[in-house]
Amino acid sequence: MEYSKDLSIIVPLFNEVESLPELLAWIRSVMNAKGYSYEVIFVDDGSTDGSWDKILELSEGDERVKGISFRRNYGKSAALYHGFAKAEGRVVVTMDADLQDSPEEIPEMYRMVVEDGYDVVSGWKQHRQDNKVTKNLPSKLYNATARKITGIKLHDMNCGLKAYKNEVVKNIEVYGEMHRYIPYLAKNAGFTKITEKPVHHQKRKYGKSKFGIERFVNGFLDLLSLWFLSTFGKKPMHFFGFSGLLMFLIGFVMTIWIIIAKLVHQAQGIRYRAVTDQPLFYLALVAIVLGVILFLAGFIGEMVSRNSQERNKYNVKDQIR
């Protein structure tokens, strides 16, 4: 497939007006030195500090500088979604606007995609310049969990500096707060050649971080949601139906046990507590009710899945006419 440009560099941002001129000058310097044809797509996620006016100013007389402006803040995933839709380059690079990601890393990441054939190259901030207590330690725990669940051996899943084949970003849908898991989305779409590259990480020069410690909690919940959807999204009955049947059988066996025990004791003339006086009876009742509810949830989920417009949406790698 022919592409009009070598690189599309997508920069999502929120209130980063001070860093934009320096970042663009840095990108231009690196791109011109390598002779790449490129475009820079700034996606202003509802900034209130004049960032969009600065983007308009920087784009004057330079058709390689493009921009998208949201009316309000929607989040990084929304910004990347629109940036991906607009990207025309053979390789698509994402990076943050706060000058902590270095454009000097782009040429090697581009080479790894074009020459080495990787689908995704993720940056790895080996030596972070953030606060070690509030950022580094939670990040290590978060990434260890992500590696375990996704099966992708990346040390820094959340790094904003990444490079993708254009085909990758056109075949995945980023929504909610799933920007942290684009490599996992790519893997689920069939793009399995994923690697990482150690990148230089710099201290923030202007402003302050827009993300707090709560992003790790939200990130973990999003990871569980994504894992569930990718595993059971098209077959919810396999999860809820199995869980429901298991719970129902446990409750049923407990009930039979209680009844048999009572009959045996009565036959032997041994005093036996009433069924309703036994805690086991209520546990069995709860298990049966939960089993029925889970099974019905799976049945309803299966009906929704079968009526979804995307039930037969699959990524085709190639075909012969």
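Refer to the preceding data block for the structure.
Residues numbered from 1 in each chain as written. Predicted model: local features only at pLDDT ≥ 70, side-chain atom pairs only at ≥ 80, totals over all residues. Heavy atoms only, no water.

Undergrad: Explanation requested: the pairing of strand E2 (residues 38-44) in the structure shown.
TA: Residues in a regular strand point their side chains to alternate faces of the sheet. By the criterion of burial, E2 is predominantly enclosed, with 7 of the 7 residues buried. Taking every second residue as pointing to the same face, both faces of E2 are buried, with Tyr38, Val40, Phe42 and Asp44 on one and Glu39, Ile41 and Val43 on the other. Pairing analysis gives 7 bridges linking strand E1 (residues 5-13) to E2, with the strands arranged parallel. Looking across to E2, one finds that leucine 7 is bridged to tyrosine 38. The handedness of the E1 to E2 crossover, carried by helix H1 (residues 20-34), is right-handed. (Buried < 20%, exposed > 50% of the residue type's maximum accessible area, 1.4 Å probe, protein only. Helix = DSSP H or I, 4+ residues; strand = E, 2+ residues; numbered from the N terminus. Pairing = 2+ DSSP bridges. Right-handed = clockwise from strand over helix to strand, strands pointing away.)

Undergrad: Would you explain the environment of isoleucine 250 in this entry?
TA: With respect to the secondary-structure elements, isoleucine 250 resides in helix H9 (residues 236-267). Looking at isoleucine 250, the relative accessible area reads 39%, which means it is partly exposed.

Undergrad: Explain the pairing of E1 here, please?
TA: Of all 9 residues that make up E1, 8 are buried, and the element is covered over most of its length. Taken together, the 5 bridges between E1 and strand E4 (residues 89-94) define a ladder with parallel strand orientation. Bridge pairing in E4 places isoleucine 9 opposite valine 93.

Undergrad: Would you mind showing me how to read the packing of aromatic side chains here?
TA: Pairs of aromatic rings are described using the distance from one ring centre to the other and the angle between the two planes. All told, the structure shown has 6 aromatic pairs when counted by the stated rule. With a centroid separation of 6.5 Å and an interplanar angle of 10°, the aromatic rings of phenylalanine 248 and phenylalanine 252 are classed as stacked. With phenylalanine 248 and phenylalanine 252 both in helix H9 and 4 residues apart, this pair spans about one turn of that helix. Its end group placed over the ring of tyrosine 118, lysine 193 keeps NZ or CZ at 5.6 Å from the ring centre. (Phe/Tyr/Trp six-rings, centres within 6.5 Å; stacked < 30°, edge-to-face > 60°. Lys NZ or Arg CZ within 6 Å of the ring centre and 35° of its normal.)

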